[in-house]
Amino acid sequence: MRKKLIAGNWKMNLTIPQSVNLSEQIKNGIKDIKLNNIEVLVCPTYVSLYPVNEVIKDSGIKSGGQNMYFENEGAYTGEISAEMLKSAGCEFVILGHSERRKIFNESDELINKKVIKAVDSGLTSILCVGETLEERESGKQNEIVKTQIEKGLSGITVDKLKNIVIAYEPVWAIGTGKNATPDEANDMHKFIRNIIADLYDKKSSDEIKILYGGSLNDKNCKDLLSQSDIDGGLIGGASLKSESFLKIIETSNNL
Ligand code: 13P
């Protein structure tokens, strides 16, 4: 059985003291919830990673970066490496988020280099995929997602897949308050699982975690997270308040 993953992507929000405060609240809240078959992850900004990790160590909560560069070190002003994320205490890294693709022009080829580096470095890579509204309205969503997965996972061998999580985040659902319906999301998750079966094998497709992201909140999480092929959530806005994030964790834990 796939363990559910509830991941908070804090994006470019919260100062260091605010991040420490939120992680303390999550840590304290989680003590009252006996976590069954679920993992909890927070992805603060780079500067908050180390202080947040100091708070959450030994709590069972894991942390991840929101991006990284594929080189080891050197003259790459403004970038951060896999080893640096690990040294701050991270086990995960989000790669290919639609905000990186759109605002920072990240290509599938660049994202693929990052995925390979992350996995080779021992980080679990959360590869984000998803179509825009225009692409969905013209019926191209499957084609778009398939290309993003094929290119994003190029060169990733079957033995490395255990360090890959896929996040389906329809761009039209991110930060809009308009989530995909449980059926829409689950259909895409099944489609993604079939792509993995075609690229690798049935066992890998059964085992890989596929998260949903896009206006997931404490109200709609039960319907979305109870779907057969949705293995957790990548949550933006609703992960910035401990009440809503803890509610999502609790709901998912009780499914
Ligand atoms: P929202 O939950 O704010 O829609 O953001 C989703 C997201 O982009 C998570 O990576």
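Refer to the structure printed above.
Rules and cut-offs
- Residues numbered from 1 in each chain as written.
- Predicted model: local features only at pLDDT ≥ 70, side-chain atom pairs only at ≥ 80, totals over all residues.
- Heavy atoms only, no water.
- Buried < 20%, exposed > 50% of the residue type's maximum accessible area, 1.4 Å probe, protein only.
- Helix = DSSP H or I, 4+ residues; strand = E, 2+ residues; numbered from the N terminus.
- Pairing = 2+ DSSP bridges.
- Right-handed = clockwise from strand over helix to strand, strands pointing away.
- Disulfide = S-S within 2.5 Å.
- Near = heavy atom within 4 Å.
- Polar contact = N/O pair within 3.5 Å; in protein donor to acceptor, adjacent residues only side chain to side chain.
- Areas by Shrake-Rupley, 256 points an atom, 1.4 Å probe, with all protein chains shown as cover.
- Nonpolar A, V, L, I, M, F, W, Y, C, P; charged D, E, K, R; others polar.
- Axes fitted to C-alpha atoms, helices over the stretch in contact; angles between N-to-C directions.
- Parallel < 35°, antiparallel > 145°, perpendicular 65-115°, else oblique.
- Left-handed = near helix turned anticlockwise from the far one by under 90°.
- Contact = heavy atoms within 4.5 Å.

Trainee: Explain the pairing of strand β4 (residues 92-95) here, please?
Mentor: The side chains of a regular strand alternate between the sheet's two faces. Burial of β4 is two-sided: the residues Phe92 and Ile94 facing one way and the residues Val93 and Leu95 facing the other way are all buried. Across two bridges, the pairing between strand β3 (residues 62-65) and β4 is parallel. Bridge assignment links Gly65 to a residue of β4, and that residue is Val93. Read from β3 through helix α3 (residues 82-87) to β4, the crossover connection turns out right-handed. Where β4 and strand β5 (residues 124-129) come together, four bridges link them in parallel fashion. The residue of β5 that forms the bridge with Phe92 is Thr124.

Trainee: Even after reading the chapter, I still don't get the state of the cysteines, so can you show me in this structure?
Mentor: Covalent bonding between the sulfur atoms of two cysteines is what defines a disulfide. In the structure shown here, the tally under the stated rule is zero disulfides. Of all cysteine sulfurs in the structure, the one in Cys43 sits closest to Cys128, which takes part in no disulfide; the separation is 9.4 Å.

Trainee: Just to check I follow, could you spell out the site of the ligand for this structure?
Mentor: Among the 13 residues in the neighbourhood of the ligand, the closest are listed as Lys11, His97, Gly175, Ser215 and Gly237. Contacts to the ligand include Glu169, whose side-chain N or O atom sits 2.9 Å from an oxygen atom. In the environment of the ligand, an oxygen atom lies 2.8 Å from a nitrogen or oxygen atom belonging to the backbone of Ser215. Within the complex, 94% of the 310 Å² of free accessible area of the ligand lies under protein. Its residues placed into classes, the shell around the ligand shows four nonpolar, seven polar and two charged.

Trainee: I keep staring at the packing of helix α1 (residues 16-31) against helix α2 (residues 46-56) and nothing clicks. Help me out?
Mentor: Two numbers describe a pair of packed helices, the interaxial angle and the distance between the axes. The contact between α1 and α2 brings their axes to 9 Å, and the two run at 30 degrees. Here α1 lies roughly parallel to α2, going by the angle between them. Considering the relative orientation of α1 and α2, their crossing is right-handed. Between α1 and α2, the residues in contact are Ile16, Ser19, Val20, Ser23, Glu24 and Lys27 and Val47, Ser48, Pro51, Val52, Val55 and Ile56, respectively. Of the residues belonging to the contact of α1 with α2, the class tally is seven nonpolar, three polar and two charged.

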